[in-house]
Amino acid sequence: MISVNYHTHSTYCDGKNSPEEIVLAACSQGIKVLGFSGHSPLPNENWTMTEEGLEMYREEVLFLKEKYKDKLEILLGLEQDILSEPPKGEYDFIIGAVHGIETPDGILYMDSTADILKAGIKKHFENDPMIVAERYFELVGELFERTKADIIAHLDLLKKFDEKESTPLFDSKNPRYINAAKKAIEKLSKSEKKPLFEINTGAMARGYRTTPYPSKELLRIIRDCGCDVIINSDCHDMRMLTHGFDKALELAKECGFTRIARISEGEVKYDSI
């Protein structure tokens, strides 16, 4: 059983539960290491933390870290969006994320709704999803440089809705798609500190997908680039802290990984699988 999770959202952003409720749930579920990772502030967005909320979040997680230190290890993290201002203060880890790409009308988010994404592709990107994929993965490739991320979030988030679409928005077999993703992964693999890539089960927990991110094709590229993976639930509901972890572990094995990373006591450690 995997007893760690580093991608956890609370009521400070778009999660359903307070940090302490999540900690108590983690204790009851046998979690040994719990990392909080609130969304970094973005202007005019209600799913991210506010600047004021960010400071309150930091204070509360640090308080809980001390209060429950005899029960589990709590880490203060941040899901740093590439479009946010650089983070202030110290964190135990940073999850780097691309949620959207800029357009003349604002940010087109990959994970809002399928209809919004389709309309944005048609209006701003010549109705060519591959232009969006190329721009998205270009930003992914910049994540370490711009956020100093320890973990790369939901690598192919843009495919969130495709399992439920009669015709997928993004053809992940298209050479343009594969080449764009490969270029991003290769760039990240050559960073001064090679980040971990998460196998993310969040869309499974929320009923959008039956499989984790990233796809098998991209996981094999990650493996070939010599990078490691870490399993995260992208939890927004304390009942789902380890949702889909068995499937994520099997996916990692199927794609040729022999170990899974975890962060504990200030360093990256590995468990054989």
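These numbers come from a predicted model, not from an experiment.

A.B. asks: Please clarify how the overall build of the protein should be interpreted in this entry.
C.D. replies: The secondary structure content of the protein amounts to 9 helices and 11 strands. For 273 residues, the compact-globule estimate of 2.2 N^0.38 gives 19 Å, and the C-alpha radius of gyration of the protein, at 18 Å, lies within 12% of that figure. C-alpha atoms of the protein, sized along the principal axes, occupy 55 × 40 × 35 Å. The buried share of the protein, reckoned over its 273 residues, is 55%. When contacts within the protein are restricted to residue pairs at least 6 apart in sequence, long-range pairs at least 24 apart make up 68% of them. For the protein, the exposed surface amounts to about 12400 Å²; the carbon and sulfur share of it is 48%. The averaged location of the 47 negative side-chain charges in the protein is 5 Å from the averaged location of its 36 positive side-chain charges.

A.B. asks: Explanation requested: the packing of aromatic side chains in the structure shown.
C.D. replies: The geometry of an aromatic ring pair is captured by two quantities: the separation of the ring centres and the angle between the planes. A full pass over the atoms with the stated rule returns 6 aromatic pairs. For the pair Y12 and Y57, a centre-to-centre distance of 6.0 Å together with 70 degrees between the ring planes defines the contact as edge-to-face. Taken together, the residues Y12 in the loop between β1 (4–5) and α1 (19–28) and Y57 in helix α2 (residues 51–67) connect sequence positions 45 residues apart. Judged by relative accessible area, which is 1%, Y57 ranks as buried. Aromatic ring contacts, followed pair by pair, group Y136, F137 and Y177 into a single cluster. Geometry around Y91 places R58 over its ring, the cationic atom sitting 4.8 Å from the centre. Over the aromatic face of Y208 sits the side chain of K160, whose NZ or CZ is 4.3 Å from the ring centroid.

A.B. asks: Sorry, what's going on with the pattern of salt bridges here?
C.D. replies: Side chains that differ in charge, positive against negative, can pair when their charged atoms come close. In total, this model carries 22 salt bridges according to the counting rule given. For E20, the salt bridge identified is with K67, shortest N-O distance 2.7 Å. On the criterion of sequence distance, the pair formed by E20 in helix α1 and K67 in helix α2 is long-range, its members being 47 residues apart. The partly exposed category is assigned to K67, whose relative accessible area is 46%. Between E66 and K69 there is a salt bridge; the shortest N-O distance is 2.8 Å.

A.B. asks: Please explain the environment of N127 as it appears in this structure.
C.D. replies: Positionally, N127 belongs in the loop between α3 (114–124) and α4 (129–141). Each C-alpha atom of the pair N127 and F197 lies 30 Å from the other, and the pair is 70 residues apart in sequence. When neighbours within four sequence positions are excluded, N127 is seen to be in contact with I121 and K122.

What counts and how
- Position numbers for residues start from 1 in each chain and track the written sequence from start to end.
- Residue-level local features of this predicted model are given only where pLDDT is at least 70; pairs of side-chain atoms are given and counted only at 80 or more, and the full residue set underlies all totals for whole chains, interfaces and linings.
- Hydrogens and water molecules were not included; the side-chain quantities draw on all heavy atoms of the structure.
- Numbering of helices and strands runs from the N terminus; a helix is a DSSP stretch of H or I covering at least four residues, while a strand is a stretch of E covering at least two.
- The globule rule used here is 2.2 Å times the number of residues to the 0.38 power, and the radius of gyration it is set against is calculated over C-alpha atoms.
- The buried label applies to any residue whose accessible area, calculated with a 1.4 Å probe on protein chains only, is under 20% of its type's maximum; exposed applies above 50%, and partly exposed to all values in between.
- The contact criterion used throughout is that any non-hydrogen atoms of two residues lie within 4.5 Å.
- Accessible surface is estimated by sampling points in the Shrake-Rupley manner with a 1.4 Å probe; for residues, cover comes only from the protein chains shown.
- Positive charges come from Lys and Arg alone, negative charges from Asp and Glu alone, with His and the N- and C-terminal ends not counted.
- Lysine's charge is taken at NZ, arginine's at CZ, aspartate's at CG and glutamate's at CD.
- Whether two aromatic rings pair depends on their centres lying within 6.5 Å, for rings of Phe, Tyr and Trp, where Trp uses its six-membered ring; planes under 30 degrees apart make the pair stacked, over 60 edge-to-face, and the rest tilted.
- Two limits define a charge over a ring: the Lys NZ or Arg CZ must be within 6 Å of the ring centre, and within 35 degrees of the ring normal.
- By definition, a salt bridge exists where a carboxyl oxygen of Asp or Glu is found within 4 Å of a side-chain nitrogen of Lys or Arg.

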